[in-house]
Amino acid sequence: TTMAARGLAIEELPAWYDLLAAAFAAKGTPREYFVRHVEADPHFQPSQIRVVANDKGELLSTARIFLRDLHLSGGASVKVAGVGEVATAPSARRQGLAEVVLEDLMRESVRAGAALSLLHSSNPKLQEYYARLGWQTIPMDIDTTPLPRAFFQLGGTDERDKSKEMNVTLCSLEDEETRTWMARLHAAHQPTGSFLRDAALWSTWIPPQAQSMSVVTLRTPTAYGVFARGPGETLRVHEFICEQAHSKKESGSCDDGRAVHQTSPEHVFMALLRVAGQSLGFGPDATTTSDGTVAVRTLRGVIDPSWLAPLAAGPAEASTDLGFMFRILNPTALAEALGVVAEGEGAGERVEGNESLFEQLRARLVGADGAARFAFLPLDSF
């Protein structure tokens, strides 16, 4: 008999946490991780968790949606249902239960108003599985640039160290004033492919995410950056949001434009990066077994790799994350968000079926000319 999926009852949450802890035990993911994902999500509803249970009421398989708004190039946004917490009890695997749950989850996503489903998997076999169910990949470009540890020295004679004159300061996402200021900057200049963050997400979702990732958050009067230490000698740039550089007239700079140049996004980022590296233990005096370099990992949609090239200790390595996968749930709503018209629905740009509509979505996230770059920010992870 085929089992049907249903929404989770609120009193079943403890059993649901137990199911996830057992399913992800091999990865070492603690039960508390899933508790936080519920308690910290301001948009959580029990109906967003779908489950399959046996006739005894024991939970066998589950998946969950996280309702968010995806920022597209051109300033548009579209409602997405992020898919997470996909798990099946070890004793119930290879029975097709995950597919039953996922299809029920898609129906719930449509009821919740989502035009798209989004998930991420770094497992190629799972990517193939999701592709068979209708999800398609949109690539995210990553650059890893080796910088010499000497770059992260502060207070020296290096004329490139602008951290003091740019007023780089350490800040905390636990501080409401800091979050409010960052939220304003993020809303005005967030990268393509990132999530919109309302006040509730900034207040309850972002701080525990930052704490779990052990990030360092820095700000200047015109920018902020979020950084973390990765495996080995890796410095990850999670976020960098900067106001557009002012014109010379607006900033009151000297005639040769020097002040404008020194406060450009590139120079502001380098100042933040230098302080972040020192704060994360990458200074030249830190104990290390590496070759004396730090691998700085950046998202192409956030950081232009040419900014780091002049200081690099070697060539940058370009890579692509193929784990972000999208599935169209409501073609009409997606076409409206993209500003196109589905075939037969009126004048304007015509879209022939979901495949062509997906190419429109891809163009708005990746960009045929590279102008727009898909960048999913780690603090938005679900």
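Rules of the game
- Residues numbered from 1 in each chain as written.
- Predicted model: local features only at pLDDT ≥ 70, side-chain atom pairs only at ≥ 80, totals over all residues.
- Heavy atoms only, no water.
- Helix = DSSP H or I, 4+ residues; strand = E, 2+ residues; numbered from the N terminus.
- Buried < 20%, exposed > 50% of the residue type's maximum accessible area, 1.4 Å probe, protein only.
- Contact = heavy atoms within 4.5 Å.
- Areas by Shrake-Rupley, 256 points an atom, 1.4 Å probe, with all protein chains shown as cover.
- Polar contact = N/O pair within 3.5 Å; in protein donor to acceptor, adjacent residues only side chain to side chain.
- Pairing = 2+ DSSP bridges.
- Axes fitted to C-alpha atoms, helices over the stretch in contact; angles between N-to-C directions.
- Core = buried A, V, L, I, M, F, W, Y, C linked by side-chain atoms within 4.5 Å.

Asker: In this structure, what is going on with the overall build of the chain? I would like to understand it.
Answerer: Within the chain, the secondary structure is distributed over 11 helices and 16 strands. Within the chain, buried positions represent 50% of all 382 residues. The contacts of the chain with a sequence gap of at least 6 include a subset with a gap of at least 24, amounting to 74%. When the accessible area of the chain is evaluated, it comes to approximately 17,800 Å², of which 49% is carbon and sulfur surface.

Asker: Before we go on, may I ask you to explain helix 4 (residues 124-132) in this structure?
Answerer: Since the α-helix packs 3.6 residues into each turn, any two residues three or four apart lie on the same face. Capping the start of helix 4 is the job of one residue whose side-chain oxygen sits 2.9 Å from the backbone nitrogen of lysine 125: asparagine 123. Glycine 134 sits one or two residues past helix 4 and shows a positive phi near 115°.

Asker: Just checking my understanding: could you explain the sheet that holds strand 8 (residues 169-171) for this structure?
Answerer: By way of backbone hydrogen bonds, the strands of a sheet pair with one another, either parallel or antiparallel. Taken in spatial order, the 7 strands line up as 8-9-10-11-12-7-13 in an open sheet, and their pairing is mixed. Single-partner strands in this sheet number two, and they are strand 8 and strand 13 (317-321). Shown here is a sheet whose adjacent strand axes are inclined to one another by a mean of 30°, direction ignored. As defined by bridge partners, strand 7 (residues 140-148) adjoins strand 12 (residues 293-299) across 7 bridges and the pair is classed as antiparallel. In the sheet register, leucine 147 faces strand 12, and the bridge partner there is valine 294. Across the sheet, helix 5 (residues 176-189) is in contact with strand 8, strand 9 (216-220), strand 10 (223-230) and strand 11 (234-242); its angle to strand 10 comes to roughly 100°. Packed on one face of the sheet, helix 9 (residues 265-279) meets strand 7, strand 9, strand 10, strand 11 and strand 12 and runs near 140° to strand 11.

Asker: Looking at this model, I keep getting lost on the nonpolar core. Mind explaining?
Answerer: Considering soluble globular proteins, one finds that nonpolar side chains tend to be buried as a cluster. Counting residues in each nonpolar core, the largest one holds 79 residues, and the members touching the most others are Phe227, Phe240, Phe269, Leu273, Phe326 and Leu361. With 8 residues, the single largest contributor to this core is helix 9. The residues contacting phenylalanine 240, other than those within four sequence positions of it, are Ala223, Tyr224, Gly225, Pro265, Val268, Phe269, Leu272, Val302, Ile303 and Trp307.

Asker: Would you take a moment to explain the sheet that holds strand 6 (residues 136-137) for this structure?
Answerer: In spatial order, the strands read 1-2-3-4-5-14-6; together these 7 strands make up an open sheet with mixed pairing. The strands lining the two open edges of the sheet, one partner per strand, are strand 1 (6-7) and strand 6. Note that strand 2 (residues 49-53) and strand 3 (residues 59-71) share 5 bridges and pair antiparallel. Across the sheet, residue arginine 50 finds its bridge partner in strand 3, namely alanine 63. Contacts between helix 3 (residues 97-111) and the sheet are confined to strand 1, strand 2, strand 3, strand 4 (77-88), strand 5 (116-120) and strand 14 (324-328), with strand 3 contributing the most and set at about 35° to the helix.

Asker: Can you walk me through the environment of isoleucine 65 in this structure?
Answerer: Relative to the helices and strands, isoleucine 65 resides in strand 3. Among the residues examined, isoleucine 65 registers a relative accessible area of 0% and is labelled buried. Expressed as a C-alpha distance, the spacing of isoleucine 65 and valine 86, which sit 21 residues apart in the sequence, is 9.6 Å. Once residues within four sequence positions are removed from consideration, isoleucine 65 is found in contact with Gln48, Ala81, Gly82, Leu105, Glu108 and Ser109.

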